[in-house]
Amino acid sequence: MASISIRRKPTGFILLSTAVLAAILGLAWTGSSTLEGRIVTMRYFLFVLTALSAFLTPYLLFPDKNTPLIQLGNLGKKSLQQYVFVKFGTYFWPVFFLMAVMLFGDFNNPMHHIPLKIYTFLSACLLFLAIGMLSVARYVKSGPSSQFWKESQKGRNIRQKAADYLKYPIDPGSIPSLINTLVILVIGSAAIILAVYLGERVHPLAELTVFLSLSVYAVLYLRKFSDSFVRNFYSSNSFFREFFGVNMKGEEVLATREVNQLWWVPGFIRMHVWQFLVQLDRIIPAGRAVAAGHLVVLFIAYQRPDPQFLVIIWIIFALLHQLFTLLTFRLEIAPRWLLRWVAPAYIWFLSRFWMQMRWVLPLFLGMNVQYFLFGTPDITNQAVIIVTFLISAFFVSAFGLTKTFNGANS
């Protein structure tokens, strides 16, 4: 009997559009670079991918809207693991395609140094796969410990001390996630540094060997917790579903900002933007995530890479801001039937677009701090980056209309 997938498959148009966008980005990034420049760019890109995997994995996996169907089907550990990794793979394949374009989309010498390009590509794929598997394994198994820290007396004591002495709202339930982020980031970064060192001192195959060893370790680590995968998945899914904002004393908070604080939003959509921001505040600390991104970009600039490379990094960073808009498409944040009932389509388009305007000033300030320290990006490139940000915000917000007003009543 044929199996039925409970995941909605992307349309051919979306797959083609994603592939074209990745190809254009890869060719614009490294199409005219030398082989050495491509390899260096790929290594920096692996650092970025490691950081994103360490931070974003729980937001990509949980909460899973198909949980009732998974429970109804009573999926076993193999079926559930396959489901989780297929879901994760929908975010992975454009990255693999982008890495291939970055290495093989060579305008100058397309048929030269093919073995080295293959080694580098396989190394990058293995590192990304290994970090992805480690991220999934660690976050899936984090549910029981997160719940313990959130509900135990030990966790309540930590929250109380943080409120009384540090004056900072620490939720003990987030401690395992914080540890996972740090562990994955350290493992990935250390593997890249070691692989690069051995690859340059010994042979490019040594770099491939390091990442292959990390992949084997990731597979073994995943198998170690395979028997408890189902139980941990349900526990983690429940925890992250309930992981909304709490104040320093542990009381539930329904809102962390006032409507009149949104001075930069036109009055007729201010309430709707506020609604999105309150929901996002419960899920992800957007300000801290963006601040961390600025530090990463500044760290990359400190290495004094090619100025054009830094411009591409800023463009990617600007595009990553649109992930916040994509989160507002989730049903638990904005049920489609509710949006259709409350306001017409253009209101939600403008709300999502203006929601992203809050990042224009931080982008501008961050670029000018880097320009003051390192002389790049200049005013022309800053304008290109800001325009790219605005165009991407426009199209992602427009995409939200098709998700909300062309879908089924849900």
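In this text the structure is predicted, and so the values were computed from the model without any measurement. Along each chain, the written sequence defines residue order, and numbers are assigned to residues from 1. Local features are withheld for residues below a pLDDT of 70 in this predicted model, meaning they are given only at 70 or higher, and side-chain atom pairs are given and counted only at 80 or more; totals for whole chains, interfaces and linings count all residues. Think of the side-chain values as coming from all heavy atoms in the structure, minus any hydrogens and water.

Draft legend 1. The overall build of the chain, seen in detail. The secondary structure content of the chain amounts to 18 helices and zero strands. The proportion of buried residues among the 410 residues of the chain is 47%. A sequence separation of at least 24 residues applies to 80% of the contacts in the chain between residues at least 6 apart. Using a 1.4 Å probe, the Shrake-Rupley method yields the accessible areas, and only the shown protein chains count as cover for residues. If you sum the accessible surface of the chain, you get close to 21000 Å²; carbon and sulfur atoms cover 68% of it. Strands are runs of DSSP state E lasting at least 2 residues, helices are runs of H or I lasting at least 4, and numbering of each runs from the N terminus. Working definition: with a 1.4 Å probe on protein chains only, accessible area under 20% of the residue-type maximum means buried, over 50% means exposed, and in between means partly exposed. Contacts are assigned to residue pairs that have any heavy atoms within 4.5 Å of one another.

Draft legend 2. Region of the structure containing the environment of Ala-286. With respect to the helices and strands, Ala-286 occurs in helix H12 (residues 286–302). The class for Ala-286 is buried, based on a relative accessible area of 5%. Taking C-alpha positions, Ala-286 is 7.8 Å from Phe-324, a pair spaced 38 residues apart along the chain. For Ala-286, the contacting residues outside a window of four places in its chain are Phe-324, Arg-358 and Trp-359.

Draft legend 3. Just the nonpolar core, in detail. Only buried residues count toward a nonpolar core, which is a set of Ala, Val, Leu, Ile, Met, Phe, Trp, Tyr and Cys residues joined through side-chain atoms within 4.5 Å. Trp-29, Phe-45, Met-99, Leu-127 and Phe-211 are the most contacted members of the largest nonpolar core, which totals 93 residues. Top contributing element to this core by residue count: helix H5 (residues 114–140), with 14 residues. Apart from the residues lying within four places of it in its own chain, the contact partners of Phe-211 are Ser-123, Leu-126, Leu-127, Ala-191, Ile-192 and Ala-195.

Draft legend 4. The packing of aromatic side chains, seen in detail. The pairing test for Phe, Tyr and Trp rings, Trp by its six-membered ring, is centres within 6.5 Å, and the orientation test on the planes gives stacked under 30 degrees, edge-to-face over 60, and tilted for anything in between. If you walk through the whole model with that rule in mind, you get 14 aromatic pairs. Ring geometry for Phe-92 versus Phe-128: centroids 4.1 Å apart, planes at 15°, classification stacked. Of this pair, Phe-92 sits in helix H4 (residues 77–104) while Phe-128 sits in helix H5, placing them 36 residues apart in sequence. Overall, Phe-92 belongs to the buried group, its relative accessible area being 9%. Through pairs of rings, three or more aromatic residues link up here, namely Phe-88, Phe-92, Phe-96 and Phe-128. The ring of Phe-225 has Lys-141 lying over it, and the distance from NZ or CZ to the ring centre is 4.9 Å. Criterion for a charge above a ring: Arg CZ or Lys NZ at most 6 Å from the ring centre, at most 35 degrees from the ring normal. Seen from the ring of Phe-324, Arg-358 lies directly overhead, with NZ or CZ sitting 6.0 Å from the centre.

Draft legend 5. Structural context of the pattern of salt bridges. For this document, the term salt bridge refers to a Lys or Arg side-chain nitrogen within 4 Å of an Asp or Glu carboxyl oxygen. Considering all chains together, one arrives at six salt bridges under this definition. Close ionic contact of Glu-200 with Arg-43 constitutes a salt bridge, the shortest N to O distance being 3.1 Å. Taken together, the positions of Glu-200 in helix H8 (residues 175–201) and Arg-43 in helix H2 (residues 35–61) put the pair 157 residues apart, joining distant regions of the chain. A single salt-bridge network, built from bridges that share partners, covers Arg-38, Asp-106 and Lys-117.

Draft legend 6. A look at the environment of Val-273. With respect to the helices and strands, Val-273 occurs in helix H11 (residues 267–283). Through-space distance from the C-alpha of Val-273 to that of Met-355 is 5.9 Å; in sequence the pair is 82 residues apart.

Draft legend 7. Spatial organisation of the packing of H8 against helix H9 (residues 204–224). At a minimum axis separation of 7 Å, H8 and H9 run at an interaxial angle of 155°. As summarised for this structure, H8 and H9 are arranged roughly antiparallel, according to the angle between their axes. Handedness of the H8/H9 crossing: right-handed. Two secondary-structure elements touch here, H8 through Ile-187, Ala-191, Ile-192, Leu-194, Ala-195, Leu-198 and Gly-199 and H9 through Pro-204, Ala-206, Glu-207, Val-210, Phe-211 and Leu-214. Residue polarity follows a fixed list, in which Ala, Val, Leu, Ile, Met, Phe, Trp, Tyr, Cys and Pro are nonpolar, Asp, Glu, Lys and Arg are charged, and the others, Gly among them, are polar. Here the contact of H8 with H9 is built from residues that sort into eleven nonpolar, one polar and one charged. For helices, the fitted line uses only the C-alpha atoms of the stretch in contact; every axis is such a line through C-alpha atoms, and the angle between N-to-C directions lies from 0 to 180 degrees. The scheme is simple: roughly parallel for angles under 35 degrees, roughly antiparallel for over 145, roughly perpendicular for 65 to 115, oblique for anything else. Crossing handedness is defined as follows: a turn of the near helix away from the far one that is anticlockwise and smaller than a right angle gives a left-handed crossing, while the clockwise case is right-handed.

Draft legend 8. Region of interest: the packing of H4 against H5. As a packed pair, H4 and H5 sit with axes 10 Å apart at the nearest point and diverge in direction by 155°. Classified by the angle their axes make, H4 and H5 are roughly antiparallel. The two elements H4 and H5 meet at a crossing, and its hand is right-handed. Contacts between H4 and H5 involve Val-84, Phe-85, Phe-88, Phe-92, Val-95, Phe-96, Met-99, Ala-100, Leu-103 and Phe-104 on the former and, on the latter, Lys-117, Ile-118, Thr-120, Phe-121, Ala-124, Cys-125, Phe-128, Leu-129, Gly-132, Met-133 and Val-136. Considered class by class, the residues forming the contact of H4 with H5 number 18 nonpolar, two polar and one charged.

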